[in-house]
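Spelled out from the first residue to the last, the chains are:
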Amino acid sequence: MAYQPSKKLKKTALGVAGVAVLAGLNAPAALGFAEDKYHEYKIAQPGYQARYGSWQQVAIPEKYRTNAIHAALLHTGKVLIVAGSGNEQRKFDAGSFDTVLWDPGKNTYKKIPTPEDFFCAGHAQLPGGRLLVAGGTARYEALDGEVKRAGGGMRVKNEDPDKAVTLKKGTRFRSPSGVEYVSRFDVTVPKARKAAVKGGAKVKASERRVFVEAVEEGPESVTARQAQYEVVGLKGGQADDVYGLSEKITLAKQDFQGIKAAYEFDPRAERYIKVDPMRKARWYPTLVGLKDGKVLAVSGLDDVGMIDPGDNEIYDPKTRKWSKGPFRYFPTYPALFLTKGGKLFYPASNAGYGPADKGREPGLWDLEKNTFAKVPGLSDKDQTETSSSLLLPPAQDQKVMILGGGGVGESEKSTARTAVIDLRKKNPAFADGPALPQGTRYLNSVIMPDDTVFTTNGSEDYRGRSASNIHKAQFYDPKKNAFTPAADPEVGRNYHSEALLLPDGRIATFGSDPLFDDQKNTKLGHFEQRMEIYTPPALHRAGDRRPVLGSGPRRVARGEHASFETADSRRIARARLMRPSAVTHTTDVEQRSLALDLERGADKVTVTVPQDRALVPPGWYMLFVTDKEGTPSVAKWVEVR
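Residues numbered from 1 in each chain as written. Predicted model: local features only at pLDDT ≥ 70, side-chain atom pairs only at ≥ 80, totals over all residues. Heavy atoms only, no water.

A.B. asks: Summarise the overall build of the protein chain; cite the residues concerned and give the values.
C.D. replies: In terms of regular secondary structure, the protein chain is built from 6 helices and 50 strands. Taken over C-alpha atoms, the radius of gyration comes to 27 Å for the protein chain, in line with the 26 Å a tight globule of 641 residues would show. Once the C-alpha set of the protein chain is aligned to its principal axes, its extents read approximately 95 × 70 × 45 Å. Excluding contacts between residues fewer than 6 apart, the proportion of contacts in the protein chain whose partners are at least 24 apart in sequence is 62%. Carbon together with sulfur atoms contributes 49% to the accessible area of the protein chain, which is approximately 27,900 Å² in total. Separation of charge centres in the protein chain, based on 95 positive and 78 negative side chains, amounts to 4 Å. (Helix = DSSP H or I, 4+ residues; strand = E, 2+ residues; numbered from the N terminus. Rg over C-alpha atoms; globule rule 2.2 N^0.38 Å. Contact = heavy atoms within 4.5 Å. Areas by Shrake-Rupley, 256 points an atom, 1.4 Å probe, with all protein chains shown as cover. Lys, Arg positive; Asp, Glu negative; His and termini not counted. Charge placed at Lys NZ, Arg CZ, Asp CG, Glu CD.)

A.B. asks: Talk me through the side chain of Thr-171; I want residue IDs and the actual numbers.
C.D. replies: Relative to the assigned elements, Thr-171 resides in the loop between strand 10 (165-167) and strand 11 (172-174). On the accessibility criterion, Thr-171 (13% relative accessible area) is buried. At 2.6 Å, the side chain of Thr-171 forms a polar contact with the backbone oxygen of Lys-168. (Buried < 20%, exposed > 50% of the residue type's maximum accessible area, 1.4 Å probe, protein only. Polar contact = N/O pair within 3.5 Å; in protein donor to acceptor, adjacent residues only side chain to side chain.)

A.B. asks: Describe the pattern of salt bridges, listing the residues and the values that go with them.
C.D. replies: Inspection of every chain in the model, using the stated rule, returns 42 salt bridges. Here Asp-397 ties to Arg-424 by a salt bridge, and the two come within 3.9 Å at their closest N and O atoms. With Asp-397 in the loop between strand 32 (388-391) and strand 33 (399-403) and Arg-424 in the loop between strand 34 (418-422) and strand 35 (430-432), the pair connects residues that are 27 residues apart, well separated along the chain. Note on Arg-424: relative accessible area 49%, which makes it partly exposed. A salt bridge links Arg-571 to Asp-568; the shortest N-O distance between them is 3.4 Å. For Arg-571, a relative accessible area of 21% puts it in the partly exposed group. (Salt bridge = Lys/Arg side-chain N within 4 Å of Asp/Glu carboxyl O.)

A.B. asks: Any details on the nonpolar core? Residues and values, ideally.
C.D. replies: Residues Val-79, Trp-102, Phe-454 and Phe-510 are the most contacted members of the largest nonpolar core, which totals 49 residues. Sequence-distant contacts of Trp-102, that is, excluding residues within four places in its chain, are made with Lys-78, Val-79, Ile-81, Asn-107, Thr-108, Tyr-109, Leu-502, Ala-508, Phe-510, Met-531 and Ile-533. With 47 residues, the next largest nonpolar core counts Leu-290, Phe-337, Ala-395 and Tyr-621 among its residues. (Core = buried A, V, L, I, M, F, W, Y, C linked by side-chain atoms within 4.5 Å.)

A.B. asks: How would you summarise the UniProt feature "domain: Galactose oxidase-like Early set" (unreviewed entry) in the protein chain if you had to cite specific residues and measurements?
C.D. replies: Per the UniProt record, the feature "domain: Galactose oxidase-like Early set" (unreviewed entry) sits at residues 546-640. With 0% helix and 48% strand, residues 546-640 has its two end C-alpha atoms placed 25 Å apart. (UniProt positions renumbered as here; feature names shortened; annotations may be inferred.)

A.B. asks: An account of the sheet that holds strand 7 (residues 131-134) is needed here, citing residue identities and associated values.
C.D. replies: Spatially, 6-7-20-21 is the arrangement adopted by the 4 strands of the open sheet, whose pairing is antiparallel. Two strands close off the open sheet at either side, each with one partner strand: strand 6 (122-125) and strand 21 (271-274). Pairs of neighbouring strands in the sheet enclose a mean axial angle of 25°, with direction left out of account. Two strands pair when backbone bridges link them, and strand 7 and strand 20 (residues 262-266) are joined in this way by 4 bridges, in the antiparallel orientation. By the bridge assignment for strand 20, Val-133 is matched with Tyr-263. (Pairing = 2+ DSSP bridges. Axes fitted to C-alpha atoms, helices over the stretch in contact; angles between N-to-C directions.)

A.B. asks: Provide a residue-level description of the pairing of strand 17 (residues 228-231), including the pertinent values.
C.D. replies: Because side chains alternate across strand 17, one face comprises the buried residues Tyr-229 and Val-231, and the other comprises Gln-228 and Glu-230, none of which is buried. Pairing analysis gives 2 bridges linking strand 11 to strand 17, with the strands arranged antiparallel. Note that in strand 17 the partner of Arg-174 across the bridge is Glu-230. Two strands pair when backbone bridges link them, and strand 17 and strand 18 (residues 242-250) are joined in this way by 3 bridges, in the antiparallel orientation. The residue bridging Tyr-229 from the neighbouring strand is Gly-244, located in strand 18.

A.B. asks: An account of the packing of aromatic side chains is needed here, citing residue identities and associated values.
C.D. replies: The geometry of two aromatic rings is summed up by the distance between their centres and the angle between their planes. Applying the stated criterion across every chain yields a total of 31 aromatic pairs. Judged by centre distance (6.0 Å) and plane angle (45°), the ring pair of Trp-55 and Phe-454 falls under tilted. Note that Trp-55 is positioned in strand 1 (residues 54-57) and Phe-454 in strand 37 (residues 453-456), a separation of 399 residues in sequence. The same class applies to Trp-55 and to Phe-454, which are both buried. Lys-358 extends its terminal NZ or CZ atom over the ring of Tyr-329, reaching a point 4.3 Å from the ring centre. (Phe/Tyr/Trp six-rings, centres within 6.5 Å; stacked < 30°, edge-to-face > 60°. Lys NZ or Arg CZ within 6 Å of the ring centre and 35° of its normal.)

A.B. asks: Lay out a positive patch on the surface in plain terms, naming residues and giving numbers.
C.D. replies: Together, Arg-208, Lys-260, Arg-279 and Lys-324 make up a positively charged patch on the protein surface. Residue position: Arg-279 is located in the loop between strand 21 and strand 22 (286-289). Exposure remark for Arg-279: the relative accessible area of 47% places this residue in the partly exposed category. (Patch = residues over 30% accessible without salt bridge, like charges linked within 9 Å, V, L, I, M, F, W, Y side chains within 5 Å.)

A.B. asks: Describe the side chain of Ser-246, naming the residues involved and giving the relevant values.
C.D. replies: Of note, Ser-246 is situated in strand 18. At 3.3 Å, the side chain of Ser-246 forms a polar contact with the backbone oxygen of Arg-225. In this structure Ser-246 touches Gly-153, Met-154, Arg-225, Gln-226, Ala-227 and Tyr-229, once residues within four positions along its chain are discounted.

A.B. asks: Could you give me a rundown of the sheet that holds strand 27 (residues 337-338), with the residues and numbers involved?
C.D. replies: Sheet architecture is open: 4 strands sit in the order 27-28-30-31, paired in antiparallel fashion. Of all strands in the sheet, those with a lone pairing partner are strand 27 and strand 31 (371-374), marking the two edges. Where strand 28 (residues 344-346) lies against strand 30 (residues 363-366), 3 bridges are found, and the strand directions are antiparallel. When the bridges of strand 30 are listed, Phe-345 appears paired with Leu-364.

A.B. asks: Give me the lowdown on the environment of Arg-320, citing residues and values where you can.
C.D. replies: For Arg-320, the position within the fold is in the loop between strand 24 (313-316) and strand 25 (321-324). Considered as a pair, Arg-320 and Asp-276 are 44 residues apart in the sequence and their alpha carbons are 6.3 Å apart. Beyond its immediate chain neighbours, meaning those up to four positions away, Arg-320 contacts Arg-130, Glu-264, Ile-273, Val-275, Asp-276 and Tyr-315.

A.B. asks: Quick one: what's the story with the environment of His-585, residue by residue and with numbers?
C.D. replies: Summarising the element assignment, His-585 is placed in the loop between strand 46 (582-584) and strand 47 (592-600). Separated by 86 residues in sequence, His-585 and Ala-499 place their C-alpha atoms 10.0 Å apart. If near-sequence neighbours (up to four positions away) are discounted, His-585 is found in contact with Ile-69, Cys-120, Tyr-284, Tyr-333, Ala-351, Tyr-495, His-496 and Ser-497. Within the local environment of His-585, its side chain forms a polar contact with the side chain of Thr-584, the two groups lying 2.7 Å apart.

Spelled out as structure tokens, the structure:
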């Protein structure tokens, strides 16, 4: 039987037609209203939704609305939405930091006490199911003309080989001429190193850096010369052993500054648990899980607002401590993907901050040898900032894709370029893929259970300037190397936006932080707190006939088989193991999809987990099965050890 519209839809259609007639007689505004009504009618039709999917806004109680800077799916099925101060100076000044835990199945919310400002932190999934969150904001930027007190780095020296020293926030440093500067953060300087030499011992002073500001306003405190500063309040031998050496102290623009804090979020207890801080402060860092379950932290702005030169570090979830990692420079929020053998691939995709001529080359990073093999072929290499990138499904194919991007900083440039590289080849090189509909920055890309990639939103200009948000979505098919259109999102999203796959096969989208809210760039932007969920076409076509996975093991080892009860074994065509997302600034290095060997029984299916730890890092995964039409089951959570 052909689809018959409901009485309500018939009335809507008639109403639209009537308004359209009036529009032709009266005013263009009425015609626009009629077109909007017809669009609402069209996208609500089952035939349209079965082809393009549908969007629905989520009803969020006002007390739980927040500036979604980070979003991570937990193995409980809930989503951790982290704002910190949410790019709001007033919240930072008040020490008001937000985290909201959202249950998409029940659409319930819970506020989580947030101990630090995790605004622009990094995060990664840990083997036991906890989420590591590290870094964040120690200080908001002060632009040229806004800086009243000279500020800069103070190198604090300790020549005492027997004792470390901690100088609390507010410690004063006095120059030889009597000018005083005050520290804005705590700093702990280790004890000096003592080495035996002929005829005795040699002491080498230890050193840590801290940001300081002049006590008095004005240019009198500006200095470009290095001098030794006494630490006010220290006495005796400690006053001789501990002192400051100034770096350049100016009234120039002062950038955001990072923190060293690190926490694990426990999805069961639903709280943050403090662990050892990082060795370096980081704002805009990338955290990426390694094959042994450890996590590498790279890049970020440090505690004086400088891009880290390459002092990367590694977190061990067993000891909850950090150790020195291989030295390599990257711009902030670089996309790094774990590949076979444990190497990391950098497609040159990053989310901002850094000179245009440094750290922009794509390549394969061998962590053990600390070598970086550059790869050729990437077009529009000057437009990789604010791009999207991912390890294409299935991960066994070892293909990485970059989509869109823009010029460095506040550039107006944006590209429609996509490119794919096959890392299995002897001499891998990028090859251009199909173009996006237009130049796009801040695109979010999500791997789907049917091996397609859903891409959505973004803007053509920096932070959506000139009303340049792109209300488009599309699917990329890696096998066909082609895009197909999807339903258009209603909510525009650019900077500070996220998208991730939910366990029921839908996609949730969050955030957006435009500079301006109008085309002429006269009205300051506001943070987008609405959330939209996209339901893919396959779920509309399937109705109640989705494949269903029944009981089975919660834990499985690599190389082992796992059987799950199902009445749909004959319909099931494939199985995928999908790592949950942890995404910020359109950067998601956690998501990956693994093809599983599949055997069908009379009332069960049996899957086999790949053996390679670099393909399947330890942790919790979503197990999806799909039928021949690409309709996914609801995921079963499985822990891979």
